[in-house]
Amino acid sequence: MTVKLPPQVPRLAAVFAVAIVALVAARAALVPATFGKYGHYRAAAVDSIAARPVKYAGRQDCEECHDDVAAQRLAGNHRGVGCEVCHGPQAAHVAAPSDVTPPAPRDRSFCVRCHAYNASRPTGFPQIDPVTHNPLKACIACHDPHAPVPPRVPQECSACHGQIARLKALSHHVNLPCITCHTVPQEHKVNPRASRPTKPTDRAFCGQCHDKTATRVAEAPRIDLATHYQRYLCWQCHYPHYPEAK
Amino acid sequence: MQGYIYPNEYELQWGLLIVLYPYITGLVAGAFILASLERVFNVKEVQPTYRLALLTALAFLLVAPLPLLGHLGHPERSYEIFLTPNRKSAMAMFGFVYAWYLTVVLLLEVWFEYRKDLVLRAQAAHGVGKWFFSALTLGATDLSERSLRFDDAAGRLITVIGIPSAFLLHGYVGFIFGSVKANPWWSSVLMPVVFLFSAIVSGIALVLILYLVTTLFRSRPVDMPCVDKLATFLFYAMIIDVSLEMLDFLHRLYESEESIGILSQMISSRLFLSLIVLQIVIGTLVPLVLLGVTSPALRRGGVARGSEELRRLIYLVTAVLVEIGIFSIRWNVVVGGQLFSKSLRGLTVYKVEVLGAEGVAITFGLLALPLVILWVLVKVLPPWPDVEARSA
Amino acid sequence: MRDEGRAPAAAPAPAAPEPLNRRQFVEAALKACGAAAPLLVAVIRIPAAGGQEAAGGVEAGYDPTGHYYGMGVDIEKCIGCGRCVAACKAENDVPADAAHFNTWVERYVIEDNGEVTVDSPNGGIDGFPPLESERGMLRSFFVPKLCNHCANPPCVQVCPVGATFATRDGVVLVDEKYCIGCRYCIQACPYGARWFHPTKRVAGKCTLCYHRITRGLVPACVEVCPTGARIFGEVEQRATPLARFMRMNDVQVLKPHLNTKPKVYYANLDGEVR
């Protein structure tokens, strides 16, 4: 025997049915065509993002016309520095070379952004003190930006190792030149990472001044090398550039 | 700004409007669960508030999406949540949980509850009124015994479905925050549970306030057993809620994970007023003491026997303090989660606007709007237990 | 009964058919659901036929399935000049203010007593001012940061509408025409890599210069880095600069415990970096 549904049920069912049909129709009309093609996103978005204009041309494009400058740069210390680091984004210049002229920074403030002394920079990066280093003179007066060899090969290690030099300047080792402990091949000033200075390898080296039997440097503190923490190398505890630090 | 924050963290992304949204859905879930106490668990004393709680839930649920739409960068595209929801996103599921709750739970429940009244009013009205009420009945004008029993059974079934749905409605808001592993202030298993219980607390407090205020305005006698029962349930719900919050707090302190440093700093500096003062002292401790002393929760007739008038006043004050406290919880979660950097090294500030699109003025407006809607609903579907529907 | 205290009953109805018991009610409900089910299936399955989509973009011949991109960063090479930050803003039209960066540089100063200070003045776009004092400094270094283009991106997981996504070639992008601006992705990113565009009102982030790499160029930040601290290449391949970088260095990723599987690999990364 059939059960007569209360009148509420078919009416409510009709209301819900209308709502669901509306949702289906909306979906068919409004969901973008490329949605879901590769994943839960509008595939056409990838295309529109990829179609954005390029502002930096890239150094390969510069080399196509300026191969002489490029060759010069690649042979020198700025070999890793792209053209547009200094000359700004130049895709427009590549597209229309005679209409767009790339700027060339000539002000001191430009070069010191990278080369001013900053203790946080990695050791070995060439740095100068902009206040004392040839003040008011344009950097490019002495350094060709495409082949920035300094006019004189740096006598002091502090040109690239400024933080170490400053620290050492406050210590008892202040009067010891770097080459006291480090043998520096000439090649190091040209190709720093390829040719590295040596470092002392044994306790006896420091003992030359600090052992109780040593005769050099009367004012150096003396210890008995044979018994003073024999297990360790000296610099495991004493930082040679600031040995008095506790 | 203090310490270090990622540069992109200078601007807070989720402001007052997003604080408002869980507050409103919490009130909805709480009011509905209170209504269900009478319907499913047969707590007779709170029966005078049953219809009022339903209408309150409906009024607030209608307003709930507004702060979200106001906050979106492109509200005109919000329909995308329904058309291409990302099934992995808790926020996407919002659209469907909301739609489910609004239609299958609240609207249906209100309709079944009021169908008889609507039919009677349609019969008694003339002109536009007759057309209006007839439309609301959807043409189901049968008032036979069988139909009415069906209404009752359907209402009970919907309430039974509605309770877990209310848990889901507000629990998932907690999940939206609790599932963000990037944020140590939000990321917690307890977040949905704490949100839910604080929602229940705020819902009961709201119905208590509305019942007392509307009864006062209508110059009717207050049903004291009803109000005492509400206060009792409020007390019990607060005990559970405060226990959960204490658990979260103790757990954090005990585990002492990497984020504890910056979070402690944030609580003692940026969140001192909203957390220690508003949420804990004014919003939780003071109401617990007041309710514990005056309501029958701990002892029949109250620990301290006071006059009915005094009890009503204390209940009202307590409920208001509770609402302030729950709003502070939402603030502390939403804004607190953005006041510290994900680098765990710094704090920032939230500059609240007064008049802007996410300002204090709009917030007050959005809090007042559901009360306006409730006023309209009350005119169309009177919830008062002592009002007789006009019959043919 | 339920109707106590309510409106008085209407006039008695004519004799009704058999009362509907619970079983019959459930049957009726199930019938209604059964009728609705095909409609619900249709909602989910019906293929959409939306409007016209823009054509063009990726160069002909570029096959996204043949690439899977990543990036390397060598902390020991970064000098904190900030050229990458400036180049990125120029290349990608990122708002010029101090609150929106696709990439930025942080400086860490670690002192003898273990205290760590981190700063990033305007994202490092103008370089870094000298430290007030080097006294007590144990270590100091720069850390470039950017979107990690995670293989398990939490930002993609939370986007409600599918406006942010990972392409088949491993780049996480934002569809500006589809984003609704809810900012959930910005909250979900553990690295602070995303921001909200003030006028377009959509989410923004590093695109790994997708418009460049699909044309055989490198990202703008990689192009302008003067010391080669940034290395662009392919993950899971041999003949790529990134593979050499990962062979010659001990590499780490940021926040590995979150299992986002970032594809930006840091060499010489200090434990204090977050």
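Note that the structure is a prediction, hence the values are computed from the model and not measured. (Residues numbered from 1 in each chain as written. Chains lettered and ligands numbered in written order. Predicted model: local features only at pLDDT ≥ 70, side-chain atom pairs only at ≥ 80, totals over all residues.)

> So what's going on with the overall build of chain C? Residues and values would help.
Helix and strand counts for chain C come out as seven helices and eleven strands. Buried residues in chain C amount to 46% of all 274 residues. (Helix = DSSP H or I, 4+ residues; strand = E, 2+ residues; numbered from the N terminus. Buried ≥ 20, exposed ≤ 12 C-beta atoms within 10 Å, placed from the backbone.)

> So what's going on with the interface of chain C and chain A? Which residues, and what values?
Reports often express the size of an interface as the amount of accessible area lost when the parts come together. Contact residues are listed per partner, giving 60 residues for chain C and 53 residues for chain A. Looking at the side of chain C that touches chain A, the elements that each hand over two or more residues are helix H1 (22-45), helix H2 (83-92), strand E2 (103-111), strand E4 (137-146), helix H5 (210-213) and helix H6 (220-224) of chain C. Here the side of chain C that touches chain A takes nine residues from H1(C), the largest share from any one element. Classifying every residue of the side of chain C that touches chain A gives 34 nonpolar, 14 polar and twelve charged. (Contact = placed C-beta atoms within 7 Å. Nonpolar A, V, L, I, M, F, W, Y, C, P; charged D, E, K, R; others polar.)

> So what's going on with the nonpolar core? Which residues, and what values?
Residues and elements named next belong to chain B. Grouped together as the largest cluster of nonpolar side chains are 203 residues, with contacts concentrated most on Val28, Ile204, Val207, Leu208 and Leu234. Broken down by element, this core gets its largest block of residues, 17 residues, from helix H1 (residues 16-39). Setting aside anything within four residues of it in sequence, one finds Val28 in contact with Ala57, Phe60, Leu61, Ala64 and Leu169. (Core = buried A, V, L, I, M, F, W, Y, C linked by C-beta atoms within 7 Å.)

> Which residues make up the sheet that holds strand E9 (residues 230-234) of chain C, and what are the values?
Residue and element names in this part refer to chain C. Ordered in space as E9-E1-E11-E10, the four strands form an open sheet in which the pairing is mixed. Every other strand in the sheet has two partners, leaving E9 and strand E10 (251-252) as the edge strands with one partner each. The sheet contact formed by E10 and strand E11 (residues 264-267) spans two bridges and is antiparallel. By the bridge assignment, Val251 is partnered in E11 with Ala267. (Pairing = 2+ DSSP bridges.)

> Describe the pairing of strand E3 (residues 116-119) of chain C, listing the residues and the values that go with them.
Regular strands place side chains that alternate from one sheet face to the opposite one. All names here are of chain C. Of the strand pairs in this sheet, E2 and E3 are connected by four bridges, and their pairing is antiparallel. Looking at E3, one finds that Tyr108 is bridged to Val118. Hairpin connection of E2 to E3: four residues between the antiparallel strands, including Gly114 at a positive phi of 95°.

> Quick one: what's the story with the sheet that holds E2(C), residue by residue and with numbers?
Residue and element names in this part refer to chain C. Spatial ordering of the open sheet is given by E3-E2-E4, a layout of three strands whose pairing is antiparallel. Every interior strand has two partners, whereas the edge strands, E3 and E4, have only one. Across the sheet, the axes of successive neighbouring strands diverge by a mean angle of 20°, strand direction being ignored. On top of the sheet, H2 reaches E2 and E4; it is set at about 160° to E2, its chief contact. (Axes fitted to C-alpha atoms, helices over the stretch in contact; angles between N-to-C directions.)

> Residues and numbers for the domain arrangement of chain A, please.
Residues and elements named next belong to chain A. Per the domain assignment, the segments of chain A are domain 1 (54-104) and domain 2 (105-175). In this structure, domain 1 and domain 2 have C-alpha centres spaced 25 Å apart. Each partner contributes to the interface: domain 1 provides nine residues, whereas domain 2 provides seven residues. Counting residues per element, the side of domain 1 that touches domain 2 draws most heavily on helix H4 (residues 67-74), at three residues. (Domains from an automatic or database assignment.)

> So what about the environment of Cys185(C)? Which residues, and what values?
All names here are of chain C. Within the secondary structure, Cys185 is located in helix H4 (residues 184-188). Sequence separation of Cys185 and Thr214 is 29 residues, and the distance between their C-alpha atoms is 25 Å. Among residues more than four places away in sequence, those in contact with Cys185 are Cys155, Val158, Cys159, Thr164, Arg194 and Ala203.

> Give me the packing of helix H2 (residues 50-63) of chain B against helix H8 (residues 191-217) of chain B: which residues, what numbers.
Residue and element names in this part refer to chain B. Remark: H2 packs on H8, axes separated minimally by 10 Å, with the N-to-C direction vectors making an angle of 115°. Remark: the crossing between H2 and H8 carries right-handed chirality. Packed against H2, whose contacting residues are Leu52, Ala53 and Thr56, the element H8 presents Leu206, Val207, Leu210 and Tyr211 at the interface. In terms of residue class, the contact of H2 with H8 is built from six nonpolar, one polar and no charged. (Left-handed = near helix turned anticlockwise from the far one by under 90°.)

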